[in-house]
Each structure stands twice: as structure tokens, then as C-alpha cells.
Amino acid sequence: MARNKFAEIIETFEIDQDSLREIAASVRYDLELALSENDSSSLQIIHTNQNLPQGNECGKFIALDFGGTNLRAAIVELSGNGDYKILRKAQSALRSEKGDFTTADTSCEALFDFIAKVIGDAIEGDKNTPYLLGHTFSFPASPCDENDAELKKWTKEIAVPGVEGKPVNELLAAALKRQGYDNIRPTAVLNDTVAVLLAAAYQNDGIHIGSIYGTGHNSCYAEINSAFAPGKIINLEIGNFYKIFINKYDAIVDGHSTNPDEQRLEKMVSGCYLGELFKAALTDFYPGFSKANFDGEDVSHLALANAAQISLFMHQSDFPLPDDDTISFIQTLAAKILRRSAMIVAASYCGIAWHLYGNSSFKAKIAVEGSLYEKVEQIKSGMAEAFSKILDEGCQIETFLQKDGPLLGAALAACMAQDK
Ligand code: BGC
């Protein structure tokens, strides 16, 4: 009886070859619909005003990385030839004992004052040296002038009021001014995927796709097809893609989120939601489990954990001591959720690569950053399995970790903004 129910739950996270190919084909189709401004696309792409770097960029810049979990600020020195140094760095979690700067009770000023303080820490309170600042802002934002972009809507469960619809560098400049940093001029805002792509293109030739696979998920690419405004980078906001079959646990996670019906694909794949997904599925079997609290990386630990570790973990969550069947169910469920996530992301990469390079023969390299990609081994194996199921012979996608993508990319964007 229990085994049947376990099998039924696990089955809902299976994804077969036909579905994977269908996702890849729909991503390409929707991307091309969006490029021709057809409203039936599930993608709300953002045309950035960012080009790829030349590789010879030089100078010292402040780089800010405002992600979904952490804030990082640094002084980055670019010395051309793909070389750079991070001279000083400060960081702070958005949610910690010091406070939670992501909630609906946080004011816009409090959030940006917190960011300005982290920047101040990175430059040790220097209020004299003039700096240009590049701002990696990991949310959907549309360029509103050469140096600024407006937040369209928060994602990844951030709910701070008064920021949506506003130019984020203007808010940042005001906060820096409030703290006496008249020497810092924010000159560029870029999505984190764009930052990863800039960083990769600064150090390598032939890279056109950048992606983030961590708390959130998204990809961007530099257009090379003459039919569609070549040169510029397009932020795909792929987390919005919704032409994908969701199971009943996906629907529960979506229903409990701050933005129901939005970011459908992101809620099936990213670290912000995998813990919730696991919890929803396990709660279907053990209703008491709904109180447990953990995130995407915990799911990866459970997939690899041995029986004793699982017992301990469950016990901490007020869960009855699990028997052998339950332990194996928990391991399998966690592994399936991670594998499905990796396969969906890989399918979306295939769709983007097909758009860029056609589907007869190519070798694509995709620069990726983010904790799930970097730290969770099952993610890489799931992606490799999906690539082999989707791509025809002669087509190959290789992903690689782009170190320091958001900080290096922010410094490059600040440097390139000088010439605009
Ligand atoms: C945001 C994207 C961002 C991604 C990765 C998503 O929630 O919408 O703009 O690139 O997270 O951080």
C-alpha cells in the first residue's frame, strides 16, 4: 500500500525523452515568437543595451552583485586579456539574524541603505576616490536609460514594496548619497545571466550563452543571427516559460508562492523552490511533514544521504523514525526532483542553442554560475543525460562554471558604460 503510493508520487516527477524534446522545441519556438513581438510567446524577453566585451577592458570599478540570497560588493581591477583581480570584497546575506531585507515590511529605503552599507564596507568607507559602479541585479529589469533599468517585478519570493517600476540605480545612487558616498556613480545595471556571459566572453572566444542555476534560474544569449538585431544581449527571463506540464506538487508550490502563475519553469528547477517541492510531495504521504523547513541544497543532501543521516534529519523535523522503505523513498524522491530540474534546464539550453546555431551541427559552450550547478553533482549528470536524449548526432552542448561571473560582469559593464 505504502509502496504503491510512493511509486505514484515518484512517477509524477518522471520526464521522458519526448517531453524533453518538446520543451526544447517550444523554448526555441517561443523565443522566436518573442523576438517577432508575438504576444502568444510564454517568454517576456528583455532586450538589453549590452554588447559583449572586447577582452581589452581595463580599470578599477566597484562591482555590486544583488542576488536572491546574498549581497556582494567588491573593487574589481580589470587588466585586459581576460585578466582581473578582486581587490577587496564585502558580503552580507539578505536574510540573517541582522534582519530580513526581503519581506513586505521592509521599506525600499531600508533595502537600498543596506546595499549601500555593504558597498561602503567593500571600499572601507572611502568617500574620496571616484568610482564607477556596475550593478548586477538578478531580477527582470528593463533598460530605461543608458545607465539604469526599471524593476519589472520581483521574483524569488522578494516582496519589498516601492521598488517595482522604479529605476534601481537611481534608488541606489540616492542611498549612497544618504551615506555620504558622493564619489560613487552607478553607471550600469545588468542581469546576473548577462554578467556571467560578459565575464565568460572576456575570458574566452565563441561564448554566446550565459546562465544562472542557483536560488533562481535564467539564461541570456548574444544574438548572432542577422535576421534578429545581432550583437546585443537578450535576457530571456526563461523562468517565465510556462508551456510545460506541471504536476500536483508544482501546483501546490506555485499556489503558496508570492507570485502564483508566474515563473512556472523557475519553480520546477531552482534552489528557491526545490525544498518546497520536496516538502509538498512528502506531505502528501506524511501530512505532519508540512512544518519542516529546508531548501534546495537540503534536497541534494537527502538524495545522497545514508539511512542514518536521513533518520537524523527526519527526526529533527519532528518526523517519526523512518523505516527502510521510507528511507529509500526519500532518497529516490530527492534524486528525482533534482534530475527533473537538471533535465528541464538542459532542454531549455538546447532550445536556445537551436535558435543560435540551427539543429544540424554545432558545438555550443554555455557559461553557468549558481549554487545548484556548482555544488550538486546530480545536476551535472542529469543535464548530460538530457543532452544525450535531446540532441542529434553532430550537435554538442558543453556547460562550464564561470567563476566570479556576477562581480566580473558588473565591473566589465561599468567599464563599457564609459564609452556609451
Ligand atoms: C530572475 C532573473 C534572474 C534569475 C537568476 C530569476 O528569478 O527573474 O532575472 O536572472 O532569477 O538569478
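Here the structure is a predicted model, which means the values were calculated and not measured.

**Some details on the overall build of the protein**
Stage number 1. The secondary structure content of the protein amounts to 14 helices and 15 strands.
Stage number 2. Each of the three principal axes of the protein carries a C-alpha extent, and together these read 70 × 55 × 40 Å.
Stage number 3. Expressed as a percentage of contacts within the protein between residues at least 6 apart in sequence, the contacts between residues at least 24 apart total 70%.
Stage number 4. Accessible surface, the protein as shown: approximately 17300 Å² in total, 48% of it carbon and sulfur.
Stage number 5. Charge centroids of the protein, computed over 37 positive and 57 negative side chains, lie 2 Å from each other.

**Description of the environment of Asn-259**
Stage number 1. Mapped onto the elements, Asn-259 comes out in the loop between α6 (248–256) and α7 (264–269).
Stage number 2. For Asn-259, a relative accessible area of 7% gives the class buried.
Stage number 3. Between the C-alpha atom of Asn-259 and that of Glu-369, which follows or precedes it by 110 residues, the distance is 24 Å.
Stage number 4. Not counting the four nearest positions on each side in its chain, Asn-259 is found in contact with Trp-154, Thr-155, Glu-157, Asp-254, Lys-267 and Tyr-273.

**A look at the pairing of strand β2 (residues 58–66)**
Stage number 1. Relative to strand β3 (residues 70–79), β2 runs antiparallel, the two being bridged by nine bridges. By the bridge assignment for β3, Gly-59 is matched with Leu-78.
Stage number 2. Counted along the chain from β2 to the antiparallel partner β3, the turn is three residues long.
Stage number 3. With five bridges joining them, β2 and strand β7 (residues 131–137) adopt parallel strand pairing. Bridging across to β7, Ala-63 finds its partner in Gly-134.

**A few points about the packing of aromatic side chains**
Stage number 1. According to the stated counting rule, one finds twelve aromatic pairs in the structure shown.
Stage number 2. Geometrically, the ring pair formed by Phe-66 and Phe-139 is edge-to-face, given 5.5 Å between the ring centres and 65 degrees between the ring planes. A residue pair is termed long-range when its members are at least 10 positions apart, and Phe-66 in strand β2 and Phe-139 in the loop between β7 and β8 (141–145) qualify at 73 residues. Per residue, the accessibility class of Phe-66 equals that of Phe-139, and both read buried.
Stage number 3. When the ring of Phe-285 is compared with that of Phe-329, the centres are 6.4 Å apart and the planes differ by 50 degrees; the resulting orientation is tilted. Within this pair, whereas Phe-285 is found in helix α8 (residues 271–285), its partner Phe-329 is found in helix α11 (residues 324–357), the two being separated by 44 residues in sequence.
Stage number 4. Linked through ring pairs, Phe-66, Phe-137, Phe-139 and Trp-154 together constitute an aromatic cluster.
Stage number 5. The side chain of Lys-127 reaches across the aromatic face of Tyr-181, ending 4.9 Å from its centre.

**Details of the nonpolar core**
One recurring pattern in soluble globular proteins: nonpolar side chains tend to sit buried together.
Stage number 1. Grouped together as the largest cluster of nonpolar side chains are 76 residues, with contacts concentrated most on Tyr-213, Tyr-221, Phe-278, Leu-333, Met-383 and Ile-397.
Stage number 2. In terms of residue count, the dominant contributor to this core is α11 (19 residues).
Stage number 3. Met-383 has contacts with Tyr-213, Ala-342, Val-345, Ala-346, Tyr-349, Tyr-373 and Thr-399, leaving out every residue within four places of it along the chain.
Stage number 4. In this structure, Tyr-131, Val-160, Val-163 and Leu-176 belong to the second largest nonpolar core, which totals 38 residues.

Reading the values: the criteria
Residues numbered from 1 in each chain as written. Predicted model: local features only at pLDDT ≥ 70, side-chain atom pairs only at ≥ 80, totals over all residues. Heavy atoms only, no water. Helix = DSSP H or I, 4+ residues; strand = E, 2+ residues; numbered from the N terminus. Contact = heavy atoms within 4.5 Å. Areas by Shrake-Rupley, 256 points an atom, 1.4 Å probe, with all protein chains shown as cover. Lys, Arg positive; Asp, Glu negative; His and termini not counted. Charge placed at Lys NZ, Arg CZ, Asp CG, Glu CD. Buried < 20%, exposed > 50% of the residue type's maximum accessible area, 1.4 Å probe, protein only. Pairing = 2+ DSSP bridges. Phe/Tyr/Trp six-rings, centres within 6.5 Å; stacked < 30°, edge-to-face > 60°. Lys NZ or Arg CZ within 6 Å of the ring centre and 35° of its normal. Core = buried A, V, L, I, M, F, W, Y, C linked by side-chain atoms within 4.5 Å.

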